[in-house]
Amino acid sequence: MISQADLIESAPDGAATAADSRSHLLGDQTAERYRRSLTEGVTRLAERFATTGRPFTGISPEALTPEVAAIDLDRPLGDTTAALDELEDVYLRDAVYFHHPRYLAHLNCPVVIPAVLGEAVLSAVNSSLDTWDQSAGGTLIERRLIDWTAERIGLGPHADGVFTSGGTQSNLHALLLAREEAGAEPGRLRILASACGHFSVRKSAKLLGLGEDSVIEVECDADRRMRPDALARELRRCAERDLVPMAVVATAGTTDFGSIDPLPRIADLCARYGAWFHVDAAYGCGLLVSRTRRHLLDGVERADSVTVDFHKSFFQPVSSSAVLVRDRATLRHATYHADYLNPARMAKRRIPNQVDKSLQTTRRFDALKLWLTLRVMGADAIGDLFDEVVGRAADAWRLLAADPRYEVVTRPQLSTLVFRYLPSGDHDDATVDRANLHARDALFASGEAIVAGTVVDGRHHLKFTLLNPHTTLHDIATVLDLIAGHAEAHLAEQSATTRHHGELTGSLAR
Ligand SMILES: *Cc1c(COP(=O)(O)O)cnc(C)c1O
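Residues numbered from 1 in each chain as written. Predicted model: local features only at pLDDT ≥ 70, side-chain atom pairs only at ≥ 80, totals over all residues. Heavy atoms only, no water.

By the naming in an unreviewed UniProt entry, the protein chain goes by Pyridoxal-dependent decarboxylase and is assigned to Streptantibioticus cattleyicolor. Recorded under Sequence similarities (unreviewed entry), the UniProt text for the protein chain is reproduced unchanged: "Belongs to the group II decarboxylase family." Entered under Cofactor (unreviewed entry) in the UniProt record, the comment concerning the protein chain runs "pyridoxal 5'-phosphate". (UniProt positions renumbered as here; feature names shortened; annotations may be inferred.)

Structure, rendered in structure tokens:
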């Protein structure tokens with residue numbers, strides 16, 4: 001047994017280090033260190049943002065891996081400046097910068113400053129939104145924002161929801177509720193989603209214990225929107241085979257094409273067949289605050305559940321997402337009570353514990369970022385930013401459609417463009433595929449611009465996702481020239497190699 005004397009005796013040895021450790025804990029004694037430390041980091045980043053000339057340096061994983069591996073994590077630098085200097089080499093210098101106007105690849109956005117401030121505040125206070133007793137006002141702020149979003153959607157007086165880590169989790173959450181509401185044995189349950197829907201629907205089906213063929217792919221039209229006649233056919237087939245259409249997932253803004261499924265007609269079919277109507281508006285949710293394009297979401301108000309990703313079209317830092325439901329009673333399917341955390345008696349006393357509705361327990365106060373955004377800028381300002389990129393995509397479509405070097409798949413409803421470089425002369429599809437793949441890789445390695453890629457009807461395509469209002473039509477034209485340059489250089493090299501090869505075999509034959 002250790003005596004009190006032993007404890008006091010052994011203290012002096014480690015005393016200095018213990019005090020030193022404590023000096024890093026944010027608290028009443030360290031407010032000044034907190035201020036200095038964050039200011040130093042912010043000052044450095046501000047400089048980066050002001051001077052970054054390219055979205056990326058083009059560094060390869062092979063070049064960066066040894067730099068990260070060489071750092072001895074068991075030997076701390078003990079100093080903020082030194083750690084930030086080191087971070088320049090392993091991260092900041094070569095990071096991908098989304099504020100750069102020639103970042104045109106994925107659905108990750110440049111962020112608004114009030115939200116970044118919110119991020120700093122929420123992590124310092126470190127509220128956890130599972131229970132009232134770990135968040136207080138944080139819970140009320142989240143609830144207000146859920147109500148605000150539900151109202152923008154038009155879900156009616158019984159709506160509710162909860163913030164989540166992202167669209168993937170929101171879709172899983174919505175489909176869990178749909179499965180529980182369907183109440184049939186898993187083997188008979190079917191989810192109907194378009195071929196252009198997000199892969200998280202399939203992943204969710206697997207996590208929910210539904211079979212391999214539980215997700216029925218509904219055909220799309222040429223504009224990559226779900227065909228209501230195809231949906232009606234699949235629903236009829238389900239009925240004939242005694243299968244239960246547990247949910248129809250409509251997408252308001254497909255990840256590749258930004259296409260919006262015909263929500264009112266899908267809502268009609270869901271009502272007729274008694275299927276849960278989920279709208280995945282992870283991308284298209286920005287239209288909720290648009291002053292000119294809100295009508296594109298008409299019909300979303302009839303959904304049973306809606307996924308929104310504020311970290312895509314609301315210019316919020318990762319992560320910030322929510323799942324909304326028409327009928328708050330359905331959220332009970334995720335309710336579990338733990339004696340230590342949220343006993344049932346608390347619910348009876350109406351203590352708002354958000355964990356009662358969430359799939360997560362400890363949970364970030366992401367809502368604060370949106371709150372400060374709305375309080376500083378307002379919803380219209382966010383909608384205007386999104387409108388601007390949607391307008392830019394329409395202009396870029398005209399540019400692409402008029403450019404003989406390119407073929408563009410669909411006219412965008414939102415802010416993505418899927419297209420393909422088409423060389424002049426006779427080339428087979430595989431050669432064109434390789435030229436497009438090469439152009440994307442070469443552009444990425446140059447760091448001058450970043451574009452995405454996808455496959456359409458078996459052929460490799462390139463993709464722009466426009467989320468930065470600073471991206472001009474001139475930027476887009478420049479990137480198209482860069483892509484064509486890389487593709488042409490690749491084709492020229494290929495044909496030179498083939499010619500060379502031909503000469504060799506020709507001379508051997510002689
Ligand atoms: C991005 C996206 C998702 C997934 O959202 P995460 O936030 O990345 O998890 C789901 N559906 C659609 C349509 C998306 O574009």
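Once the structure has been displayed, the description carries forward.
Student: Would you mind going over the site of the ligand with me for this structure?
Tutor: Close to the ligand lie 14 residues; Gly 167, Thr 168, Asp 280, Asp 309 and Lys 312 are nearest. In this structure, Thr 255 approaches the ligand through a side-chain N or O atom, which is 2.9 Å from an oxygen atom. Its free accessible area being 380 Å², the ligand has 85% of it covered by the protein chains. Taken together, the elements giving at least two residues each to the shell around the ligand come down to helix 7 (167–182) and helix 11 (310–313). For the shell around the ligand, the residue count by class is 2 nonpolar, 9 polar and 3 charged. (Near = heavy atom within 4 Å. Polar contact = N/O pair within 3.5 Å; in protein donor to acceptor, adjacent residues only side chain to side chain. Areas by Shrake-Rupley, 256 points an atom, 1.4 Å probe, with all protein chains shown as cover. Helix = DSSP H or I, 4+ residues; strand = E, 2+ residues; numbered from the N terminus. Nonpolar A, V, L, I, M, F, W, Y, C, P; charged D, E, K, R; others polar.)

Student: I tried to follow the layout of surface pockets on my own but got confused; where do I start?
Tutor: Vacant regions in the atomic arrangement are exposed by a probe of water-molecule size rolled over the atoms. In this structure, the largest pocket encloses a volume near 1400 Å³. Lining the largest pocket we find 30 residues, and of these Leu 45, Phe 49, Val 111, Val 116 and Pro 317 sit closest to its centre. Every element with two or more residues in the lining of the largest pocket is listed here: helix 2 (31–51), helix 4 (80–92) and helix 5 (113–125). Of the residues that constitute the lining of the largest pocket, the class distribution is 24 nonpolar, 5 polar and 1 charged. In this structure, the second largest pocket spans a volume of roughly 440 Å³. Contributing to the lining of the second largest pocket are 15 residues, with Arg 143, Asp 160, Arg 328, Asp 356 and Lys 357 lying nearest its centre. Split by residue class, the lining of the second largest pocket holds 5 nonpolar, 3 polar and 7 charged. (1 Å grid on protein atoms, 1.4 Å probe; cavity = no way out; pocket = protein on both sides within 12 Å on 5 of 7 lines; lining within 4 Å. Points joined across faces, edges and corners; volume = space filled by probe spheres on them.)

Student: Quick question: what am I supposed to make of the domain arrangement of the protein chain here?
Tutor: Interface extent is often summarised as the accessible area lost during association of the parts. Segmentation of the protein chain into domains returns domain 1 (115–377) and domain 2 (381–509). A C-alpha centroid distance of 34 Å is found between domain 1 and domain 2. Each partner contributes residues to the interface: domain 1 has 27 residues there, and domain 2 has 22 residues. Of the roughly 2200 Å² buried where domain 1 meets domain 2, counting both sides, 57% is carbon and sulfur surface. Here domain 1 is connected to domain 2 by 4 salt bridges. Here Arg 291 and Asp 384 are joined by a salt bridge, their closest N and O atoms 2.4 Å apart. For the pair domain 1 and domain 2, the number of links is 13 residue pairs in polar contact (both at pLDDT 80 or more). (Domains from an automatic or database assignment. Contact = heavy atoms within 4.5 Å. Buried area = accessible area lost by both parts, 1.4 Å probe. Salt bridge = Lys/Arg side-chain N within 4 Å of Asp/Glu carboxyl O.)

Student: Sorry if this is basic, but what is going on with the side chain of Thr 251 here?
Tutor: Mapped onto the elements of the fold, Thr 251 is located in strand 5 (residues 244–251). Apart from residues lying up to four places away in sequence, Thr 251 is in contact with Gly 197, Ser 259, Ile 260, Asp 261 and Asp 280.

Student: Teacher, can you tell me more about the pairing of strand 8 (residues 321–325) here?
Tutor: In summary, the side chains of a regular strand alternate between the two faces of the sheet. Along strand 8, 5 of the 5 residues are buried, which leaves the element largely enclosed by surrounding structure. Taking every second residue as pointing to the same face, both faces of strand 8 are buried, with Ser 321, Val 323 and Val 325 on one and Ala 322 and Leu 324 on the other. Bridge analysis of strand 2 (residues 160–164) against strand 8 gives 5 bridges, and the strand direction is antiparallel. The residue bridging Phe 163 from the neighbouring strand is Ala 322, located in strand 8. In the sheet, strand 7 (residues 305–309) pairs with strand 8 via 5 bridges, with the strands oriented antiparallel. Bridged to Ser 305 within strand 8 is Val 325. (Buried < 20%, exposed > 50% of the residue type's maximum accessible area, 1.4 Å probe, protein only. Pairing = 2+ DSSP bridges.)

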